[in-house]
Amino acid sequence: MGKIRDFLKQSTAEAHRKLDASPLVTGLSNGSLADEAYMAMLQDYRQFFSPWESEMKRIHPRIVSELGARRFEKNVWLAEDIARLGGIPHDTSPLHPPTDLPRLAGCLYVVEGSTLGGMHLHRSQRGPVAKAGRFFQGYGEETVSSWKEFVDWLEQLDLSEPDMRLAAEAACETFEWFQSKFDDTSRSLSLPFPGRED
């Protein structure tokens, strides 16, 4: 699909695998996640997206404009899902996107790529996603085309090899941020960690 996208996919494969092995992610995927755990997962997602999107609009308005403002409204979707489950969004801590373009590109690769996985979860309508799945709905019928548009944007950056390594490093760090959050939440809920090798 493209040089940069392929490099990031290969470089982040292990970090992606570890995130997918989180009890929250596996429970969401197979439809077994309880509402309480799903609510906690949505709150974890919001801990990232609420401050990150706000800072993106402040620090990188040109890139937000290039990619389209709708890509930076996921916090609104999360708040909607949390409210639908009867919850109140938790306060969030500051979280800043990278200031340099290569690392920002890597972070965006994870953020935008997550909409593809979310699309499949939403279509399955299994477990709590059926009750409150706006976040996982992503861009609806335009999710796939939106991903292709993002990859086109990524490729036109024409990053050098050192810059691609910086992008991959940031992408891995983003996967690891979510894994750490989800693992901590899983432990607090006493969810099992079957068969995961770190």
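Definitions and limits used
- Residues numbered from 1 in each chain as written.
- Predicted model: local features only at pLDDT ≥ 70, side-chain atom pairs only at ≥ 80, totals over all residues.
- Heavy atoms only, no water.
- Helix = DSSP H or I, 4+ residues; strand = E, 2+ residues; numbered from the N terminus.
- Buried < 20%, exposed > 50% of the residue type's maximum accessible area, 1.4 Å probe, protein only.
- Contact = heavy atoms within 4.5 Å.
- Phe/Tyr/Trp six-rings, centres within 6.5 Å; stacked < 30°, edge-to-face > 60°.
- Lys NZ or Arg CZ within 6 Å of the ring centre and 35° of its normal.
- Core = buried A, V, L, I, M, F, W, Y, C linked by side-chain atoms within 4.5 Å.
- Salt bridge = Lys/Arg side-chain N within 4 Å of Asp/Glu carboxyl O.

Draft legend 1. Focus on unusual backbone geometry. The phi dihedral of D158 is positive, around 50 degrees, even though this residue is not glycine. Counting through the fold element by element, D158 comes out in the loop between helix 9 (143–156) and helix 10 (161–188). What makes D158 exposed here is its relative accessible area of 59%. In this structure, S190 takes a positive phi of about 60 degrees despite not being glycine. By the secondary structure assignment, S190 is in the segment after helix 10.

Draft legend 2. Geometry of the environment of F175. Structurally, F175 can be placed in helix 10. Taking the C-alpha atoms as reference points, F175 and L42, separated by 133 residues in sequence, lie 16 Å from one another. The contact partners of F175, leaving out residues within four places of it in the chain, are T12, A15, H16, L19 and V110.

Draft legend 3. Quick peek at the packing of aromatic side chains. Overall, the coordinates contain 20 aromatic pairs when judged by the stated rule. An angle of 75 degrees between the planes, with centres 5.2 Å apart, marks the rings of Y45 and F182 as edge-to-face. Here the residue Y45 occupies a position in helix 4 (residues 35–59), and F182 occupies one in helix 10, the gap between them amounting to 137 residues. Across from the ring centre of Y139, 4.6 Å away, lies the NZ or CZ of R70, which sits over that ring. A cation sits over an aromatic face here: R134 above W77, 4.0 Å from the ring centre.

Draft legend 4. The arrangement of the nonpolar core in detail. Residues Y45, W52, L108, F136 and L154 are the most contacted members of the largest nonpolar core, which totals 54 residues. Discounting chain neighbours no more than four positions away, the residues touching L154 are I4, R5, L8, A105 and Y109.

Draft legend 5. How the structure looks around the pattern of salt bridges. With the rule as written, the count across this model stands at 14 salt bridges. With a shortest N-O distance of 3.6 Å, E149 and R71 are connected by a salt bridge. In this pair, E149 is assigned in helix 9 and R71 in the loop between helix 5 (61–67) and helix 6 (74–84), connecting sequence segments 78 residues apart. A cluster of three or more residues bridged by salt bridges with shared partners is formed by R71, K74, E112 and E149.

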